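# Chains, contacts and geometry: an overview
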Amino acid sequence: MAAELIDGKEIARKKQDHIGSEVQKLKAEGITPGLAVILAGNNQASRTYVKNKQKTCDKLGMNSMLIELPESVSEQELIRKITELNESEDIHGILVQLPLPSHINEKAIIEAISPDKDVDGFHPINIGRMMTAQDAFIPCTPAGIIEMLDSIGTDISGKHVVVIGRSNIVGKPAGQLFLNEDATVTYCHSKTADLKEYTTRADILVAAAGKAKLITKDHVKNGAIVIDVGMNRKEGGKLCGDVDFEAVKHKAGFITPVPGGVGPMTITMLMHNTLKAAKLSISKVKSNGRH
Ligand SMILES: Nc1nc(=O)c2c([nH]1)NC[C@@H]1CN(c3ccc(C(=O)N[C@@H](CCC(=O)O)C(=O)O)cc3)C=[N+]21
């Protein structure tokens, strides 16, 4: 048996079409969604990601603003810039590209972003809202995973989801979202004693450990849905997932490729969140700033 491919690029394209038409409606009301991206330092991978985000904004008719700051930028200066963007009427979403230079306290920077403009969904307010199943900005990669599963018609309720990885930006929120959808969730990570014992019981396996080819066919139950969040860059620049795709594809029921799987969904959900932030700004004006 061969797994069916979950085509992230195609699912992203359809979702973007929809977002694009919502942007047009908002523009007719006089609001153009605007995303500000702050890039501190000279990380080459970060530069490429940021360029992709801007390109997608362009394509969907949104405004994007890139703020480039030197590696040596101070925390105070970065917070001053964020404060300015928090107050800007033209900017609805703020994204500070991670990782930040090592002398900067990431938590302090994330907390400086207004929760209403936090399109990454990294602010503790949004995390808390998500955990309590309130309306929130949902981190883009986990949101993209749920969107992909929806598009292949997966009923998540009652499924056993095993998430490998517990980062604040992917693993932890992904598990939480699945829990909100009534899944049974198991978290595994680098200290898990017998990984296979858990992963072979997964109906849905989410690999977000950041370790190339960690997941082999022996980790996967027949017919399972395998979502590969890995973005491991090999020498020569080739992108490699956390899943040994060629081996696992014969055993899984569905599988996402890398590239062309989760990555395009992440950017798409960033656009979704920016649109949501722009809509939120209207309802704030209508309620006179009280909300
Ligand atoms: N504040 C913040 N928010 C982020 O969302 C964020 C971040 N910092 N720092 C870096 C990571 C990484 N990330 C990616 C998004 C899309 C692709 C993507 O579209 N990948 C393509 C291919 C890319 C390629 O070929 O290089 C794919 O998988 O098909 C990759 C990586 C967002 N990040």
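Residues numbered from 1 in each chain as written. Predicted model: local features only at pLDDT ≥ 70, side-chain atom pairs only at ≥ 80, totals over all residues.

Rules: UniProt positions are given in the numbering used here, feature names are shortened, and annotations may be inferred rather than shown by experiment.
The name an unreviewed UniProt entry assigns to the protein chain is Bifunctional protein FolD, from the organism Cytobacillus pseudoceanisediminis. Per its UniProt entry, the protein chain bears the Function (unreviewed entry) comment "Catalyzes the oxidation of 5,10-methylenetetrahydrofolate to 5,10-methenyltetrahydrofolate and then the hydrolysis of 5,10-methenyltetrahydrofolate to 10-formyltetrahydrofolate." Its UniProt record, at the heading Pathway (unreviewed entry), says of the protein chain: "One-carbon metabolism; tetrahydrofolate interconversion."

## Let's talk about the nonpolar core
Convention followed: To count as a nonpolar core, a set of buried Ala, Val, Leu, Ile, Met, Phe, Trp, Tyr and Cys residues must be joined through C-beta atoms within 7 Å. Here a residue counts as buried when 20 or more other C-beta atoms fall within 10 Å of its C-beta, as exposed when 12 or fewer do, and as partly exposed in between; the C-beta atoms come from the backbone. Each helix corresponds to a stretch of at least 4 residues labelled H or I by DSSP, and each strand to a stretch of at least 2 residues labelled E; elements are numbered beginning at the N terminus. By convention here, the domain bounds are inherited from an automatic or database domain assignment. What counts as a contact here is a pair of residues whose C-beta atoms, placed from the backbone, lie within 7 Å.
Counting residues in hydrophobic clusters, the biggest one holds 78 residues, and the most contacted among them are Ile94, Leu205, Val206, Ala207, Ala208, Val226 and Ile227. Here this core takes 9 residues from helix H10 (residues 262-286), the largest share from any one element. In this structure, this core is formed jointly by two domains, domain 1 (30-114) and domain 2 (140-263), each of which donates at least three residues. With sequence-adjacent residues up to four places away left out, isoleucine 227 is seen in contact with Ile145, Ile204, Leu205, Val206, Ala207, Thr256 and Val262.

## Considering the sheet that holds strand E11 (residues 254-255)
What holds strands together in a sheet is hydrogen bonding between their backbones, with the strands either parallel or antiparallel. Inclusion rule: For two strands to be treated as a pair, DSSP must find at least two bridges joining them.
The strand order across the open sheet built from 6 strands is E1-E11-E8-E7-E5-E6, with neighbouring strands paired in parallel fashion. Both outer strands of the open sheet, strand E1 (4-5) and strand E6 (184-188), are each paired with one neighbouring strand and no more.

## A closer look at the sheet that holds strand E4 (residues 93-96)
Selection rule: To obtain each axis, a line is fitted to C-alpha atoms, and for helices this fit is confined to the stretch in contact; angles are then taken between N-to-C directions over 0 to 180 degrees.
Read from one edge of the open sheet, 3 strands run E3-E2-E4, paired in parallel fashion. Strands with a single pairing partner mark the edges of an open sheet, and in this sheet they are strand E3 (63-69) and E4. In this sheet, neighbouring strand axes are inclined to one another by 15 degrees on average, regardless of whether the strands run parallel or antiparallel. In this structure, strand E2 (residues 34-40) lies alongside E4, joined through 4 bridges in parallel fashion. Note that in E4 the partner of leucine 35 across the bridge is glycine 93.

## Looking at helix H3 (residues 75-87)
The following threshold applies: For a helix, the expected span equals 1.5 Å multiplied by the number of residues minus one. The arc in question is formed by the directions pointing from the helix axis toward the C-beta atoms.
In a regular helix each residue adds 1.5 Å, so 13 residues correspond to 18 Å; H3 covers 19 Å between its end C-alpha atoms and thus fits that length. Listed in full, the buried residues belonging to H3 are Leu78, Ile82 and Leu85. The buried residues of H3 occupy one face: seen down the axis, they fall within an arc of 60 degrees. Opposite the buried face of H3, at more than 90 degrees from it, the exposed residues are Gln76, Arg80, Glu84 and Glu87. Residues of H3 that are buried make contact with E2, E3, E4 and helix H4 (106-112).

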